[in-house]
Amino acid sequence: DAFVIGSVVVRDGGGQTVSGTTTALNDKFTFTPAGGPLPDGSYTVSLTAKDMAGNSHDYSFSFTVDGQAPAKPTITGGTVVTGPLQVRPFANQSRNAPVTITGTREAGTSVWMNNYRLVSAGTGDWSVTRTLNQGANALEIWLLDAAGNRSESVWLDVFVDSVAPSATAV
């Protein structure tokens, strides 16, 4: 363990060594950077594993720290009775229960609506068609990046009335 601990080197994206301490417990090695959490960026860890017989092997891996939330999604399309879909406080109205919503997103994000992932992680424009309930529908839309950072939400309020009135008496 002491050999491995002494061989651990962490470098930032600019190749600078990150100071800190390495500890071991039950063959699990932990690096704790000096001065608190690592800032956002890319890092590379290098170490040498060595057994009791003197055999050794070099290892390295990279990782990225990302604590920055993505920008909130932009709604760019979808047309209902009241025209193009608009975010809250606008009251969108539709005569059809299926409503298509389109938008843009930050690269590497997935699109979520009301706690359900609707579009897998990717880049560029997105489009979904959702069958909404009759009456008022509040749609909360946000993005989630690979690091689990959630964007601010945008809200669409859509009132659906797709059922024709019926005469109950003549």
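Quick note: structure is the one above.
As a starting point, this report considers the structure included with it. (Residues numbered from 1 in each chain as written. Predicted model: local features only at pLDDT ≥ 70, side-chain atom pairs only at ≥ 80, totals over all residues. Heavy atoms only, no water.)

**Focus: the nonpolar core**
Logical step 1: Ranked by internal contacts, the top residues of the largest apolar core, which has 19 residues, are I75, L85, I101, W126, L139, I141 and L156.
Logical step 2: At the level of elements, β10 (98–104), β11 (109–113), β13 (126–131), β14 (135–145) and β15 (154–160) are the ones that each hand at least two residues to this core.
Logical step 3: Take this core: its biggest share by element is four residues, from β15.
Logical step 4: If near-sequence neighbours (up to four positions away) are discounted, I101 is found in contact with I75, G77, L85, M113, W126, S127, V128, L139, I141 and L156. (Core = buried A, V, L, I, M, F, W, Y, C linked by side-chain atoms within 4.5 Å. Buried < 20%, exposed > 50% of the residue type's maximum accessible area, 1.4 Å probe, protein only. Helix = DSSP H or I, 4+ residues; strand = E, 2+ residues; numbered from the N terminus. Contact = heavy atoms within 4.5 Å.)

**What to know about the pairing of strand β9 (residues 91–94)**
A regular strand carries its side chains on alternate faces of the sheet.
Logical step 1: Residues of β9 alternate between two faces, with N92 and S94 buried on one and A91 and Q93 left unburied on the opposite face.
Logical step 2: Relative to β15, β9 runs parallel, the two sharing four bridges. Its bridge partner being in β15, Q93 is matched across the sheet by F159. (Pairing = 2+ DSSP bridges.)

**Re the sheet that holds strand β12 (residues 116–122)**
Logical step 1: In space, the five strands of this open sheet follow the order β9-β15-β14-β11-β12, with mixed pairing throughout. The open sheet has two edge strands with one neighbour each: β9 and β12. Each neighbouring strand pair of the sheet contributes to a mean axis angle of 25°, computed without reference to strand direction. (Axes fitted to C-alpha atoms, helices over the stretch in contact; angles between N-to-C directions.)

**What to know about the pattern of salt bridges**
Logical step 1: Under the counting rule described, the total for this entry stands at two salt bridges.
Logical step 2: Between D157 and R88 there is a salt bridge; the shortest N-O distance is 2.7 Å. Taken together, the residues span a long stretch of sequence, with D157 in strand β15 and R88 in the loop between β8 (83–84) and β9 at a distance of 69 residues.
Logical step 3: Here R88 falls in the partly exposed class, since its relative accessible area comes to 40%.
Logical step 4: Residue R150 is joined to E140 by a salt bridge in which the shortest nitrogen-to-oxygen separation is 2.9 Å. With R150 in the loop between β14 and β15 and E140 in strand β14, this residue pair connects regions lying ten residues apart in the sequence.
Logical step 5: Given the relative accessible area of 38%, R150 is considered partly exposed.
Logical step 6: Note on E140: relative accessible area 17%, which makes it buried. (Salt bridge = Lys/Arg side-chain N within 4 Å of Asp/Glu carboxyl O.)

**Observations regarding the packing of aromatic side chains**
Logical step 1: Evaluated as defined, the whole model comprises three aromatic pairs.
Logical step 2: Aromatic pair Y43 and F63: ring centres 5.5 Å apart, planes at 20°, arrangement stacked. Of the two residues, Y43 is situated in strand β4 (residues 41–50) and F63 in strand β5 (residues 56–65); the sequence distance between them amounts to 20 residues.
Logical step 3: Relative accessible area serves as the criterion here: at 5%, Y43 is assigned to the buried category.
Logical step 4: Note on F63: relative accessible area 28%, which makes it partly exposed.
Logical step 5: Aromatic pair W112 and W142: ring centres 6.2 Å apart, planes at 10°, arrangement stacked. Here W142 lies in strand β14 and W112 lies in strand β11, a separation of 30 residues in the sequence.
Logical step 6: Accessibility expressed as a relative area gives 4% for W142, which makes it buried.
Logical step 7: Here K50 stacks its cationic end above the ring of F3, 4.6 Å away from the centre of that ring. (Phe/Tyr/Trp six-rings, centres within 6.5 Å; stacked < 30°, edge-to-face > 60°. Lys NZ or Arg CZ within 6 Å of the ring centre and 35° of its normal.)

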